[in-house]
Amino acid sequence: MDIPKSPYVALYGSNSGDWRKAVTPALDAANIPWFDPTNDEWNGIDWHNGDALQAKIDRLVKREQDALLGARCAIWHMGKRIIEAGVDTGKTTEAFASRLELGVLLGRGLKTWVVVEDDVTGRNYLRAAVAAHPSAALCASDREAAERAIAWWRG
């Protein structure tokens, strides 16, 4: 997906399944551009081969950071269980890089709606960090995050 030229909502957080599919239809219906940083070029990169692929990782991270810094606002989701089409795959993620993204969003003061699922390791810290920043708001669901982002966008 190309980074939009016009203002957009950035959809960042864990790659814990297809949570973005719960958000994008509402944004589309409201005619709000969005950016999903999910990129198949990450497939096959892991801690075993990351050093050998550092140049590729540098390029992918730069693109993600450029898009994050260019967003008008963001929805950030953190899940541990990988859920696809409503089904728990039995796989999990700790999504360490996503935690950095949240720090960037909070540090920038970018308006951000945050969902932290109940099984996430470190969830209490993440929720407290969000609560400490007036630019961010905790949401109980992706649907709530989308609704609040749309209301703010129209605002």
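**Notes on helix α5 (residues 142-154)**
In this model, α5 (13 residues) spans 18 Å end to end at C-alpha, consistent with the 18 Å of a helix rising 1.5 Å per residue. For α5, every residue scored as buried is listed here: Asp 142, Ala 145, Ala 146, Ala 149, Ile 150 and Trp 153. Taken down its axis, α5 places every buried residue within 130° of arc, on the same side. Within α5, the exposed residues directed more than 90 degrees away from the buried face are Arg 143 and Arg 154. Where α5 is buried, its residues meet β1 (9-13), α1 (24-29), β3 (73-78) and β6 (112-116).

**Brief notes about the environment of Arg 63**
Assignment of secondary structure puts Arg 63 in helix α2 (residues 54-70). A residue is classified by how much of its surface remains accessible, and Arg 63, at 24% relative accessible area, is partly exposed. Once the C-alpha coordinates of Arg 63 and Pro 37 are considered, the two residues, 26 residues apart in sequence, prove to be 8.4 Å apart. Beyond its immediate chain neighbours, meaning those up to four positions away, Arg 63 contacts Met 1, Asp 2, Ile 3, Phe 35, Pro 37 and Asn 39.

**Considering unusual backbone geometry**
In terms of backbone geometry, most residues other than glycine have negative phi values and most peptide bonds are trans. Of note, Asn 31 is a non-glycine position whose phi angle comes to about 60°, a positive value. According to the relative accessible area criterion, Asn 31 is exposed, its value standing at 69%. With a phi angle near 55°, Ala 85 is a residue other than glycine that sits in the positive phi range. Inspection of the secondary structure puts Ala 85 in the loop between β4 (81-84) and β5 (87-92).

**Quick look at helix α3 (residues 96-108)**
Helix length check: α3, at 13 residues, gives a terminal C-alpha distance of 19 Å against a target of 18 Å (1.5 Å per residue), a fit within 8%. When α3 is considered as a whole, its buried residues turn out to be Ser 98, Glu 101, Leu 102, Leu 105 and Leu 106. The buried residues of α3 occupy one face: seen down the axis, they fall within an arc of 135°. In α3, the exposed positions angled more than 90 degrees off the buried face are occupied by Phe 96, Ala 97, Leu 100 and Gly 107. Tucked inside the fold, the buried residues of α3 contact β1, α2, β3, β6, α4 (123-131) and β7 (136-138). Once α3 ends, the next one or two residues include Gly 109, with phi positive near 75°.

Criteria and thresholds
- Residues numbered from 1 in each chain as written.
- Predicted model: local features only at pLDDT ≥ 70, side-chain atom pairs only at ≥ 80, totals over all residues.
- Heavy atoms only, no water.
- Helix = DSSP H or I, 4+ residues; strand = E, 2+ residues; numbered from the N terminus.
- Expected span 1.5 Å × (residues − 1).
- Buried < 20%, exposed > 50% of the residue type's maximum accessible area, 1.4 Å probe, protein only.
- Arc of directions from axis to C-beta.
- Contact = heavy atoms within 4.5 Å.

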